[in-house]
Amino acid sequence: MSDPDIFDRAARQRRRDRAAPDFATFDFLRAAMLEGIAERLASVTHRFTEMLDLGCFDGALPVPPGATVTRCDAGAVFAARAGGIQADEDRLPFAAGTFDLVVSAGVLDSVNDLPGALMLARRALRPDGLFLAAFCGMGTLSTLRAVLREAERDRPAARIHPQIDVRSAGDLLMRAGFALPVADIEALSVRYRGIAGLLRDLRGMGATNILRDRSPLRRDTLARAAELFAARADPDGKTAETFDIVYLTGWSPAPSQPQPARRGSAKTSLKTALGGRDEA
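Residues numbered from 1 in each chain as written. Predicted model: local features only at pLDDT ≥ 70, side-chain atom pairs only at ≥ 80, totals over all residues. Heavy atoms only, no water.

Q: Explain the overall build of the chain here, please?
A: Of regular secondary structure, the chain possesses nine helices and seven strands. Viewed in the frame of its principal axes, the chain has a C-alpha envelope of about 70 × 60 × 45 Å. Per-residue burial for the chain yields a buried fraction of 43% across its 280 residues. Within the chain, contacts between residues separated by at least 24 positions form 79% of all contacts whose residues are at least 6 apart in sequence. Of the roughly 14900 Å² of accessible surface on the chain, 53% is carried by carbon and sulfur atoms. (Helix = DSSP H or I, 4+ residues; strand = E, 2+ residues; numbered from the N terminus. Buried < 20%, exposed > 50% of the residue type's maximum accessible area, 1.4 Å probe, protein only. Contact = heavy atoms within 4.5 Å. Areas by Shrake-Rupley, 256 points an atom, 1.4 Å probe, with all protein chains shown as cover.)

So this is what it looks like as structure tokens:
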């Protein structure tokens, strides 16, 4: 029996459909992710021919020269506008070995079955295919989380999605069967005049609460949270909010890739490698 969903799939689609018409106004976070992905892709010498844009939003992800792209999004409007298909990341319809490059920016933090989604992405890759992803990880929206918790001190409710730290993200890559896995993190700080601006950005990027067990935010709670948010402002009246972006890089296994040494095959003892020092 499968575990119940953490996120409301229907609400996720509705949020994305609502955000689609004006997404370009609120795309700063995904733009930062795409820039980070582009930097990592620039260091790769492979030539790619078939790319999957997994969680395509408005289709702004550039395509490598000479490659064709398939766009896919959980939202019907985003998928239609990008000329792609609608599918959840943990329910992909693609056959094994369809792509040699899979890129995902800004969606994996709201997928119900993230290990399953990573396994499906790896399965969709050909041998020696590349997977690149970016999503918001542990530490994101730390200010908003803190003020909401304090505003609802007596009866706190789940308002911020569960988050994955960079080490756990790397472990998930290995569990999904990726070779040469790398996980790293970069922080993006954005400063707001008030909590209303932050909430407006989250709605605009389709990133508001979609937890299955979510409850409405009362007006008095929001007003209290706004006061607490403002109290954290710098002298210029702006409050900083953090988005911690986790980047994942992994390869579909292939015989041509570097392999770890076979256990017991070392020709030099650890003591010799450490300069012959004895344990203190």
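The structure having been displayed, the exposition proceeds.
Q: Got a minute to help me understand the sheet that holds strand 3 (residues 85–86) in this structure?
A: Sheet strands associate in pairs through backbone hydrogen bonding, adopting either a parallel or an antiparallel arrangement. A sheet is described by the order of its strands in space; here seven strands give the open sequence 3-2-1-4-5-7-6, paired in mixed fashion. For this open sheet the edge positions go to strand 3 and strand 6 (179–192), each flanked by a neighbour on one side alone. Strand direction decides the pairing type here: strand 6 and strand 7 (residues 239–251), joined by twelve bridges, are antiparallel. Looking at strand 7, one finds that Leu188 is bridged to Phe243. The strands touched by helix 6 (residues 166–175) are strand 5 (125–136), strand 6 and strand 7; relative to strand 6, the strand with the most contacts, the crossing angle is about 145°. (Pairing = 2+ DSSP bridges. Axes fitted to C-alpha atoms, helices over the stretch in contact; angles between N-to-C directions.)

Q: What should I look at first to understand the packing of helix 5 (residues 142–151) against helix 8 (residues 219–231) in this one?
A: Where helix 5 meets helix 8, the closest approach of the two axes is 8 Å, and the angle between their N-to-C directions is 130°. In terms of orientation, helix 5 and helix 8 fall into the oblique class. The element helix 5 and its partner helix 8 pack so that their crossing is right-handed. In this structure, helix 5 uses Thr143, Val147, Leu148, Glu150 and Ala151 to contact helix 8, whose residues at the interface are Thr221, Arg224, Ala225, Leu228 and Phe229. (Parallel < 35°, antiparallel > 145°, perpendicular 65-115°, else oblique. Left-handed = near helix turned anticlockwise from the far one by under 90°.)

Q: Explain helix 1 (residues 9–19) here, please?
A: Residues three or four positions apart in an α-helix share a direction because the helix packs 3.6 residues into each turn. Buried residues of helix 1: Ala11, Arg12, Arg15, Arg16 and Ala19, and no others. Buried residues in helix 1, looked at end-on, bunch into an arc of 135°, giving them a common side. On its buried side, helix 1 packs onto strand 2 (68–73), helix 3 (76–81) and helix 7 (195–204). Taking the backbone nitrogen of Ala10 as reference, a side-chain oxygen 3.1 Å away marks Asp8 as the first, capping residue of helix 1. (Arc of directions from axis to C-beta. Polar contact = N/O pair within 3.5 Å; in protein donor to acceptor, adjacent residues only side chain to side chain.)

Q: When you look at unusual backbone geometry in this model, what are you seeing that I'm missing?
A: Its identity as a non-glycine residue notwithstanding, Leu141 has a phi of 60°, on the positive side. For Leu141, a relative accessible area of 9% translates into the label buried. Phi is positive for Leu180, close to 50°, though the residue is something other than glycine. Mapped onto the fold, Leu180 is located in strand 6. Residue class for Leu180 comes out partly exposed when judged on its relative accessible area of 40%.

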